[in-house]
Amino acid sequence: MVPSEDAAPQLDVDQILADPGVRIVVCCGAGGVGKTTTAAALALRAAEQHGRRTVVLTIDPARRLAQSLGLTELDNTPRQVKDIDVEAGGGELHAMMLDMKRTFDDVVLQHTDPAKAADIFANPFYQAMSSTFAGTQEYMAMEKLGQLHARGEWDLIVVDTPPSRSALDFLDAPARLSRFLDGRMLRLLLAPARSGGRSMFSLVTASFGMFSKVVQKVLGAQLLTDLSGFVAALDSMFGGFRQRAEQTYRILQARETAFLLVATPEPDAVREAAYFAGRLGEERMPLAGLVLNRVHRSAVDSLDAATSLAAADRLAEAGGHSGAVDVLRAHAALAQQAHREKQVAARFSEAFPQVPAVSVTAQPADVHDIDGLRTIGAAISRP
């Protein structure tokens, strides 16, 4: 027996979007489940239907959001979306895309003088870390969220989390950066800067001794020099990184934040959503509900797959009914798919029966404009 879709409480997305106490909505889940589209649709609905001044932050490298919103491009600065209907609500919609390196550069500029900033920007290790270092994108997404929140310009911030290997990377980024900054090797590299600025090479025979010789042999003298210079230049900023990360983490735990899990009725996506739900519970972060995207439904629930196939076989034997046979077999395939999807979705509702959920029917075409986002927003809010 397959549990009913109504087994879980019904998620009221409009109630979340209209609540003035909710200032942040975080859409999270595995890659490829429609997080970007969901985030954009929710932000558009908050502006048009609920009169909220909304900004949506995406970390999607495919730039689908810009195209859907009718913008030629998105960058690290919020851009207002003009062609929206605010007659009823009177809100505004702004959109932006995280530029990881520019966000890192902005942080450096805000917390050091221009001369030191120039030295940091020229450092090869910084150039690599700010562009490709594992976890930098997730951490900078947290930085940007913290910046937007601190500005106080927005009634609602909607976040599309990074398309990471794991959706949990977004939550783990601050702790991972702290481990990096507090690591034993990094503290050893930082020691000369804190003790008078002696060069790395003088440490080969002094403070580091054999450790420095081994590290230099493994990493190479130039990389070790670059890393040492990077650490020394950023020394005064380390505490600030950690402090801001912890502050944003506390915001994510607050009543003003609502996490929405986004998944498709596929085993991997539902498994990831369940794992994330468990993690949010452990971290005492407010999980508002699950949005189950791309759900297939039969228009005739009373006609199951077996009955449909049997009828198709009888008509095929009788002959002269090829069109009806094709329709019945197509219906059977759809009914079988819908049945499988209900079984997969039930795994989440059985594990988290208290989490509200809403199912969004699969659309006939990809979303590529404002009207498509409105359709998705309406489907999420009025399933």
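For clarity, every value in this text was computed on a predicted model and none was experimentally measured.

Thresholds, definitions, all that
- Residues numbered from 1 in each chain as written.
- Predicted model: local features only at pLDDT ≥ 70, side-chain atom pairs only at ≥ 80, totals over all residues.
- Heavy atoms only, no water.
- Helix = DSSP H or I, 4+ residues; strand = E, 2+ residues; numbered from the N terminus.
- Contact = heavy atoms within 4.5 Å.
- Areas by Shrake-Rupley, 256 points an atom, 1.4 Å probe, with all protein chains shown as cover.
- Phe/Tyr/Trp six-rings, centres within 6.5 Å; stacked < 30°, edge-to-face > 60°.
- Buried < 20%, exposed > 50% of the residue type's maximum accessible area, 1.4 Å probe, protein only.
- Pairing = 2+ DSSP bridges.
- Axes fitted to C-alpha atoms, helices over the stretch in contact; angles between N-to-C directions.
- Parallel < 35°, antiparallel > 145°, perpendicular 65-115°, else oblique.
- Nonpolar A, V, L, I, M, F, W, Y, C, P; charged D, E, K, R; others polar.
- Salt bridge = Lys/Arg side-chain N within 4 Å of Asp/Glu carboxyl O.
- Core = buried A, V, L, I, M, F, W, Y, C linked by side-chain atoms within 4.5 Å.
- Polar contact = N/O pair within 3.5 Å; in protein donor to acceptor, adjacent residues only side chain to side chain.
- Expected span 1.5 Å × (residues − 1).

(A) Looking closely at the overall build of the protein. In terms of helices and strands, the protein carries 16 helices and eight strands. A separation of at least 24 residues holds for 77% of the contacts in the protein among residues at least 6 apart in sequence. Per element, the accessible surface of the protein, about 18000 Å² overall, is 52% carbon and sulfur.

(B) Focus on the packing of aromatic side chains. Tallied over the full model, the rule gives one aromatic pair. Residues Phe348 and Phe352 carry aromatic rings whose centres are separated by 5.2 Å and whose planes lie at 35° to one another, so their mutual orientation is tilted. By the burial criterion, Phe348 is buried, and Phe352 matches it.

(C) Broad picture of the environment of Thr37. Mapped onto the fold, Thr37 is located in helix H2 (residues 35-50). The class of Thr37 is partly exposed, set by a relative accessible area of 25%. Separated by 329 residues in sequence, Thr37 and Asp366 have C-alpha atoms that sit 9.7 Å apart. Every residue in contact with Thr37, bar those within four places of it in the chain, is listed here: Val367, Leu373 and Ile376.

(D) Quick look at the sheet that holds strand E6 (residues 257-263). What the eight strands build is an open sheet, ordered E3-E4-E2-E5-E1-E6-E7-E8; its pairing is mixed. The strands lining the two open edges of the sheet, one partner per strand, are strand E3 (79-80) and strand E8 (357-361). Direction of pairing for strand E7 (residues 287-295) relative to E8: parallel, over a ladder of four bridges. Within E8, the position partnered with Val291 by the bridge is Val358.

(E) Here's a closer look at the packing of helix H13 (residues 267-282) against helix H15 (residues 322-351). At their nearest, the axes of H13 and H15 sit 10 Å apart, and the two run at 10° to each other. Judged by the inter-axis angle, H13 sits roughly parallel to H15. Residues Pro267, Val270, Ala273, Ala274 and Ala277 of H13 form the contact with H15, whose own contacting residues are Val344, Arg347 and Phe348. Looking at the contact of H13 with H15 residue by residue, the class counts come to seven nonpolar, no polar and one charged.

(F) View of the pattern of salt bridges. Applying the stated criterion across every chain, the model contains twelve salt bridges. Across the salt bridge formed by Asp268 and Arg271, the nearest N and O atoms sit 2.6 Å from each other. Of this pair, Asp268 and Arg271 both sit in helix H13, three residues apart, roughly one helical turn. Here the residues in one salt-bridge network are Glu48, Asp371 and Arg374, joined through shared partners.

(G) The arrangement of the nonpolar core in detail. Counting 94 residues, the largest nonpolar core has Val25, Val56, Leu69, Leu93, Leu252, Leu261 and Phe348 as the members making the most contacts within it. The dominant element in this core, judged by the number of residues it contributes, is H2, at eight residues. Not counting residues within four places of it along the chain, the set of residues in contact with Val25 comprises Ile16, Leu42, Leu156, Ile157, Val158, Val159, Ala258 and Leu260.

(H) Spatial organisation of unusual backbone geometry. Even without a glycine there, the phi angle at Arg284 is positive, about 55°. Within the fold, Arg284 resides in the loop between H13 and E7. Using a relative accessible area of 63% as the deciding quantity, one classes Arg284 as exposed.

(I) Summary view of the side chain of Thr161. Summarising the element assignment, Thr161 is placed in the loop between strand E5 (156-160) and helix H8 (169-182). Since its relative accessible area comes to 3%, Thr161 is described here as buried. A polar contact is formed between the side chain of Thr161 and the backbone oxygen of Cys27, at a distance of 2.9 Å.

(J) Looking closely at H15. For H15, spanning 30 residues, the distance from its first C-alpha to its last is 45 Å, which sits close to the expected 44 Å at 1.5 Å a residue. All of the buried residues along H15 are Val325, Leu328, His331, Ala332, Ala335, Ala338, Glu341, Val344, Ala345, Ala346, Phe348 and Ser349. Of the surrounding elements, those touching the buried residues of H15 are E6, H13, E7 and helix H14 (305-318).

(K) Layout of the packing of H2 against helix H16 (residues 370-381). Two elements in contact, H2 and H16, have axes separated by 8 Å at closest approach and are oriented at 85°. Viewed along their axes, H2 and H16 adopt a mutual orientation that is roughly perpendicular. The residues of H16 that touch H2, namely those facing Thr37, Thr38, Ala40, Ala41, Leu42, Leu44, Arg45 and Glu48, are Ile370, Leu373, Arg374, Ile376, Gly377, Ala378, Ile380 and Ser381. Split into classes, the residues belonging to the contact of H2 with H16 amount to nine nonpolar, four polar and three charged.

(L) Highlighting the environment of Leu287. With respect to the helices and strands, the residue Leu287 is situated in strand E7. Accessibility expressed as a relative area gives 24% for Leu287, which makes it partly exposed. Sequence-wise, Leu287 and Phe276 are eleven residues apart; in three dimensions their C-alpha atoms are separated by 9.7 Å. Once you skip the residues sitting within four places of it in the chain, Leu287 turns out to touch Phe259, Leu261, Ala277, Leu280 and Val355.

(M) Broad picture of the environment of Arg382. By secondary structure assignment, the location of Arg382 is in the segment after H16. In this structure Arg382 comes out as exposed when scored by relative accessible area, which is 57%. Taking the C-alpha atoms as reference points, Arg382 and Ser359, separated by 23 residues in sequence, lie 9.7 Å from one another.

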